[in-house]
Amino acid sequence: MSFVVLAVKSVWQYYVPSKDILGLLEMFRKMVNESLRVGLANEVSPLRRLSILSYNQLAKYDSPSYYKLCAISRAAGILAARNKSVKRGFPTKTPYAVRQQLVSCYGFKIEKGALDIPISRGRRLGIPLTKHTQEAISQEGITVRSFTLTINRLSLYIARDTPKIECSSIVGVDRNLRNLTVGNDEQTRHYDLSQIVRIANTTVRIVSSFRRDDARIRTGIASRYGQRRTSRTDHLLHSATKTIVAVAVRKTTAIVLENIEGIRSLYRKGNGQSRKYRGRMNGWSFAEAQRQIEYKAQWLGLPVIRLSRRETMGSSITCPRCGERLQSDKRLERKLRCGRCRIVMDRDQVAAINLARRGRVRFARSRPPTLLEAQGGAVEAVKGNPTPTVIPGVDAPKLTHPRRS
Ligand SMILES: [Zn+2]
């Protein structure tokens, strides 16, 4: 049995907007705000009702009707997000679109190496695509679903049907201070990210060494260093996650990630950790690493399992063999010892192995049992919680939240 899943991602490039496009961006922003006003005044957020109420209001704009629908849809999205925040009790401001951003899933064509879009009624305009973008969209089976224009960036949201990879095993991915550890019972591999931490530390040192007593200049310089740091760490992280996914695809292993909601709150002032340790732990973004692994895996049809907070509890201090709590050994750095099994294990490996094991239980539950299991092979996997489990990454994310590539 083989499944086909819809995989999506986005490709982007810089471009220079013409006067027409700048006008269009501004008009789109105004239309979004107009729809937001209508929605707020009538306390309406569902797309259908918002469309009925605000479409006529947008008649005064000389815009192709495609963009009107997309502006309403964007407003509906903003209102829905706001309603969610209000329900959860978060403070919210009155929504208002400030940034110029045009999103549309209608009316465009890719022609002669350009994105051809309607500008106003009856007029069209082509924006040249770079070689990189053209290559990305010309691969087999790819369709362009929508485009987004900002003042200097053009991104295309692309999709394709990918056969789901049937996985024979599972690896866990664990975050450490300096690396990502990927592995299971058979094998673990470290992906060294200490360079990212080093770059982060250097930046902090450089920025804090500025003595000029002008907050504005300091902020400016800090943000410039911040940008440089971001582009350098981005590259390192991208190549690590790319390799992790490529290896997993080659070995047909599904990937298990821990739930990292609230991971920042683990390393906060007042938690009894030193300032330096906190800085190091927050120095590179595990959330970004996870996001990259997830979308890259999804693009290739590789299943990704995200464990819940409860499922990952104690995964870094439990013996993967017997479940006993592990003890740290002062004589051996970065090692843990199990008193019952009388073995010493690498601290980084323990978590990855445990994640892989816990993921396997979940993974087995989410598919029909194989013949071997039905005959009593893996009882553990069939028993337990009967609720259906969705493997994250298999479901296509909503089109309204394009992911950056
Ligand atoms: Zn043990």
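Just so it is clear, the structure is predicted and the values come from calculations on it, not from any experiment.

Thresholds applied
- Every chain is numbered on its own, with residues counted from 1 as its sequence reads.
- Residues qualify for local features only when their pLDDT is at least 70, as the model is predicted, and side-chain atom pairs are given and counted only at 80 or more; totals for whole chains, interfaces and linings, by contrast, use all residues.
- Only DSSP runs of H or I covering at least 4 residues are called helices, and only runs of E covering at least 2 are called strands; the numbering of each starts at the N terminus.
- Exposure classes come from backbone-placed C-beta atoms, where a residue is buried if 20 or more other C-beta atoms lie within 10 Å of its own, exposed if 12 or fewer do, and partly exposed in between.
- This entry defines residue contacts through backbone-placed C-beta atoms, with two residues in contact when those atoms are within 7 Å.
- Strands are treated as partners if at least two bridges between them are detected by DSSP.
- Under the convention used throughout, the expected extent of a helix is 1.5 Å for every residue step, that is, one less than its residue count.
- Angular values range over 0 to 180 degrees, each being the angle between N-to-C directions of two axes fitted as lines to C-alpha atoms, with helices fitted over their stretch in contact.
- Only buried residues count toward a nonpolar core: Ala, Val, Leu, Ile, Met, Phe, Trp, Tyr and Cys, linked into one set through C-beta atoms within 7 Å.
- Small angles under 35 degrees read as roughly parallel and large ones over 145 as roughly antiparallel, with 65 to 115 read as roughly perpendicular and the rest as oblique.
- By definition, any crossing whose near helix is turned counterclockwise from its far helix by less than a right angle is left-handed, and any crossing with a clockwise turn is right-handed.
- Residues were grouped as follows: Ala, Val, Leu, Ile, Met, Phe, Trp, Tyr, Cys and Pro as nonpolar; Asp, Glu, Lys and Arg as charged; and all remaining residues, including Gly, as polar.

Student: Just to check I follow, could you spell out the overall build of the chain for this structure?
Tutor: Check the secondary structure of the chain and you find eleven helices and 15 strands. When burial is assessed residue by residue, the chain has 30% of its 405 residues classed as buried. The long-range share in the chain, meaning contacts at least 24 apart out of those at least 6 apart in sequence, stands at 68%.

Student: So what exactly am I meant to see when it comes to the pairing of strand E11 (residues 253-257) here?
Tutor: When you tally the buried positions in E11, you get five out of five residues, the bulk of the element. Residue alternation in E11 divides its side chains into two sets, Thr 253, Ile 255 and Leu 257 and Ala 254 and Val 256, and both sets are buried. Examined bridge by bridge, strand E8 (residues 169-175) and E11 share five bridges and lie parallel to one another. Each residue of the ladder has a partner; that of Gly 172, found in E11, is Val 256. With three bridges connecting them, E11 and strand E12 (residues 304-306) associate as parallel partners. Paired with Leu 257 across the strands is Arg 306, a residue of E12.

Student: What am I meant to see in helix H8 (residues 286-299) here?
Tutor: An α-helix turns once per 3.6 residues; consequently, residues spaced three or four apart project the same way. A rise of 1.5 Å per residue sets the reference length of H8, with its 14 residues, at 20 Å; its end C-alpha atoms lie 20 Å apart and thus fit the reference within 8%. Across the 14 residues of H8, ten count as buried, placing the element largely inside the fold. Among all positions in H8, only Phe 286, Ala 289, Gln 290, Gln 292, Ile 293, Glu 294, Tyr 295, Lys 296, Ala 297 and Gln 298 are buried. Gly 301 lies just past H8 and shows a positive phi near 80°.

Student: Got a minute to help me understand the pairing of strand E9 (residues 179-183) in this structure?
Tutor: Here E9 lies mainly inside the structure; four of its five residues are buried. Bridging between E8 and E9 involves four bridges; their strand directions are antiparallel. If you follow Gly 172 over to E9, its bridge partner there is Gly 183. Between E8 and E9, which pair antiparallel in sequence order, lie three residues.

Student: Can you help me understand the sheet that holds strand E2 (residues 102-104) in this one?
Tutor: Strand pairs in the sheet, formed through backbone hydrogen bonds, run parallel or antiparallel to each other. If you trace the four strands from one edge of the open sheet to the other, you get E1-E7-E6-E2, paired in antiparallel fashion. Where the open sheet ends on each side, the last strands, each with one partner, are strand E1 (4-14) and E2. Within this sheet the neighbouring strands show an average axis-to-axis angle of 20°, counted without direction. Pairing analysis gives three bridges linking E2 to strand E6 (residues 143-149), with the strands arranged antiparallel. Residue pairing for E6: Leu 102 is matched across the bridge by Leu 149.

Student: Mind showing me how you'd approach the nonpolar core here?
Tutor: Note on soluble globular proteins: their nonpolar side chains tend to be buried together. Core analysis: the biggest nonpolar cluster contains 36 residues, and Val 171, Val 173, Ile 244, Ile 255, Val 256 and Ile 293 have the highest contact counts within it. Here this core gets seven residues from one element, more than from any other, and that element is helix H9 (residues 347-365). Excluding its chain neighbours within four sequence positions, the residues that come into contact with Ile 293 are Val 173, Thr 241, Ile 244, Val 245, Ile 255 and Leu 257. Core analysis: the next-biggest nonpolar cluster, separate from the first, contains 34 residues, Met 31, Leu 58, Ile 72 and Leu 149 among them.

Student: Which parts of the structure should I look at to understand the packing of helix H1 (residues 19-42) against helix H3 (residues 65-88)?
Tutor: Helix packing geometry: the angle between the two helix axes and the distance between the axes. At a minimum axis separation of 8 Å, H1 and H3 run at an interaxial angle of 50°. Looking at the two axes, H1 sits oblique to H3. You can see that H1 and H3 cross each other, and the crossing is right-handed. The segment H1 lies against H3, with Phe 28, Met 31, Val 32, Ser 35, Leu 36 and Gly 39 engaging Tyr 67, Lys 68, Ala 71, Ile 72, Arg 74, Ala 75, Ile 78 and Leu 79. When the residues that make up the contact of H1 with H3 are grouped by side-chain class, the tally is ten nonpolar, two polar and two charged.

Student: Please explain H1 as it appears in this structure.
Tutor: Here H1 contains 24 residues, and its C-alpha end-to-end distance of 35 Å stays within 8% of the 34 Å for a straight helix at 1.5 Å per residue. Among the residues of H1, Ile 21, Leu 24, Met 27, Phe 28, Met 31, Val 32, Glu 34, Ser 35, Leu 36 and Gly 39 are the ones counted as buried. Buried positions along H1 lie against helix H2 (47-54), H3, E2, strand E4 (114-120) and E6.

Student: How should unusual backbone geometry be read in this particular structure?
Tutor: Across residues other than glycine, the phi torsion is negative in most instances, and most of the peptide bonds are trans. Positioned with a positive phi, Glu 43 is a non-glycine residue whose angle comes to about 50°. With respect to the element layout, Glu 43 can be found in the loop between H1 and H2. Phi is positive for Thr 252, close to 45°, though the residue is something other than glycine. Tracing the sequence through the fold places Thr 252 in the loop between helix H6 (215-250) and E11.

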